[in-house]
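Each chain, written out:
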Amino acid sequence: MKQLRIGMIGYKFMGKAHSNAYRSLPMFFPKALKPEMAVLCGRNAAALQEAAAQLGWSDTVTDWRELVSRDDIDLIDINAPSDAHKEIALAAAKAGKHIFCEKPLALTLADSREMLEAAEEAGVMHMVGFNYRFSPAARLAKRLVESGRLGQIYHFRAWFLQDWILDPEFPLVWRLQKEIAGSGSHGDLGAHLIDLAHFLVGDIQEVIGMSETFIKERPLAAEMTGLSAKASADAPRGAVTVDDATLFLARFVNGAIGSFEATRFAAGHRSTNSFEINGSLGSVKFDFERMNELEVYLTSDEEDVQGFRRVLATDPAHDYAEAWWPPGHTIGFEHTFIHEFLELASAAAEGRQPVPNFHDGVKCQAVLEAVERSVQERRWVELSEM
């Protein structure tokens, strides 16, 4: 491909992150295929016009079907709520459009498999939005695992802790409704942990889990944007139909074992996305709130200096670092999306599938549903069952 004309559906939290990435990519990665921010799509015409002007989109439409059918669009970027992913992706594939879709890929494993099949049959590019893979420090962890410098991997433990719905009077936003979101903390936060596990350690063989919904009802939201919302004092209440917290254990195909925790009820944790990997020759620890750092321990160090060292992943030896600032000058959350869309643009230019793609989205969805089945049936569930 020699051009990448983007039509994007959604313009709030993820829409802003994606727009910023499209705008920044040519400045810092000038050799990459330049994305053209062609058309923005949303339902509210007035808000859509305002967003397009703010974010830098050339044109707008209020009907995603019209967007998908346009001849001047190469790729459809889907960051609408999860219940819209499947229908839009199937239509985009049928129209021969390349697809970028935010995670989780779909509401169900069956739907995600249908999306993958449609994209593969259409011969289009497909990518799923697991942006945390694109942190330089996380990629350093992968390099240490793949090179064997950590030895045989024994443990992967991960936790994604937030507290934004801790207040029982926080409104019933769409992320708390199963028919729209698919699941709660499990699919929203846990999906990222599962993908990082696949990326860093390998495929999961079996799982056993538990979950809880602490607040059963909440006031209906009058308005919502991103992770914020408002409700009137006398608002009627509706049922919360997703999990507030989900924990599970896993056994990997390669023999490693893992533990995963996703919750929105961890007071004081705004967005603690962390993992630790323990191997026979060393360990690494990562916390996205300190995303430029990786803590590294190697058993090969002399005994008198053994211990975790703080590696600042901003030197030219680290992925993407040369495009940014001098060593020691850190980057932030928004840069993971720029790196993600660098992979998308590179794949388009090279005529290959980007990674992670819908195969990775399906694999993640299989683990999500295996955990849900385990919670319901109170047993270990093999991924081969899914």
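All values derive from a computational prediction rather than experimental measurement. (Residues numbered from 1 in each chain as written. Predicted model: local features only at pLDDT ≥ 70, side-chain atom pairs only at ≥ 80, totals over all residues. Heavy atoms only, no water.)

### Side note on the UniProt feature "domain: Gfo/Idh/MocA-like oxidoreductase N-terminal" (unreviewed entry) in the protein
Rules: UniProt positions are given in the numbering used here, feature names are shortened, and annotations may be inferred rather than shown by experiment. By definition, any uninterrupted DSSP run of H or I lasting at least four residues is a helix, any uninterrupted run of E lasting at least two residues is a strand, and each is numbered from the N terminus.
Mapped onto this numbering, the UniProt entry gives "domain: Gfo/Idh/MocA-like oxidoreductase N-terminal" (unreviewed entry) at residues 4-130. Counting secondary structure, residues 4-130 comes out at 45% helix and 23% strand; the distance between its end C-alpha atoms is 20 Å.

### Notes on the environment of K285
Our working definition: The contact definition used throughout considers only heavy atoms, calling two residues in contact when any of these lie within 4.5 Å.
Note that K285 resides in strand β16 (residues 282-287). With near-sequence residues (within four places) excluded, K285 lies in contact with F275, E276, L294, E295 and F308.

### Here we look at the domain arrangement of the protein
Heads up, the condition is: Residue ranges for the domains trace back to a domain assignment, done automatically or taken from a database. Should a side-chain nitrogen of Lys or Arg be within 4 Å of a carboxyl oxygen of Asp or Glu, the pair is scored as a salt bridge. Between N or O atoms, a polar contact is any pair within 3.5 Å; within protein, one atom must be a potential hydrogen donor and the other a potential acceptor, and residues adjacent in sequence are included only when both atoms are from side chains. Gly falls in the polar group here, along with every residue not listed as nonpolar (Ala, Val, Leu, Ile, Met, Phe, Trp, Tyr, Cys, Pro) or charged (Asp, Glu, Lys, Arg).
Parsing the protein into structural domains produces domain 1 (3-131) and domain 2 (132-356 + 363-377). Here the C-alpha centre of domain 2 lies 23 Å away from the C-alpha centre of domain 1. Listed per partner, the contact involves 39 residues of domain 1 and 48 residues of domain 2. One can count one salt bridge joining domain 1 with domain 2. The salt bridge involving D188 is made with K103; its shortest N-O contact spans 2.9 Å. Where domain 1 touches domain 2, the interface holds 13 residue pairs in polar contact (both at pLDDT 80 or more). Taken together, the elements giving at least two residues each to the side of domain 1 that touches domain 2 come down to α1 (13-28), β4 (75-78), β5 (98-102), α5 (109-122) and β6 (126-129). Take the side of domain 1 that touches domain 2: its biggest share by element is 10 residues, from α1. Residues belonging to the side of domain 1 that touches domain 2 are distributed by class as follows: 24 nonpolar, nine polar and six charged.

### Section: the packing of aromatic side chains
For clarity, the threshold we go by: Two aromatic rings, drawn from Phe, Tyr or Trp (for Trp, its six-membered ring), form a pair once their centres lie within 6.5 Å of each other, and the interplanar angle then sorts them: stacked below 30 degrees, edge-to-face above 60, tilted otherwise. Partly exposed describes any residue whose relative accessible area lies between the buried limit of under 20% and the exposed limit of over 50%, with all areas from a 1.4 Å probe on protein chains only and scaled to the type maximum. In this scheme, Lys NZ or Arg CZ marks a charge over a ring once it lies within 6 Å of the ring centre and within 35 degrees of the ring normal.
Counted by the stated rule, this structure contains 22 aromatic pairs. Ring centres of F13 and F333 lie 6.4 Å apart, and the angle between their planes is 25°; this geometry places the pair in the stacked category. Of this pair, F13 sits in helix α1 while F333 is found in helix α9 (residues 333-350), placing the two residues 320 residues apart along the sequence. For F13, a relative accessible area of 33% puts it in the partly exposed group. Between W164 and F170 the ring centres are 5.5 Å apart and the planes differ by 85°, which places this aromatic pair in the edge-to-face class. Put simply, the rings of F13, Y132, F156, F160, F248, F252, F260, F275, F286, F288, F333 and F337 touch in pairs and so form one group of aromatic residues. We note K142 situated over the ring of F199; from NZ or CZ to the ring centre the distance is 4.5 Å.

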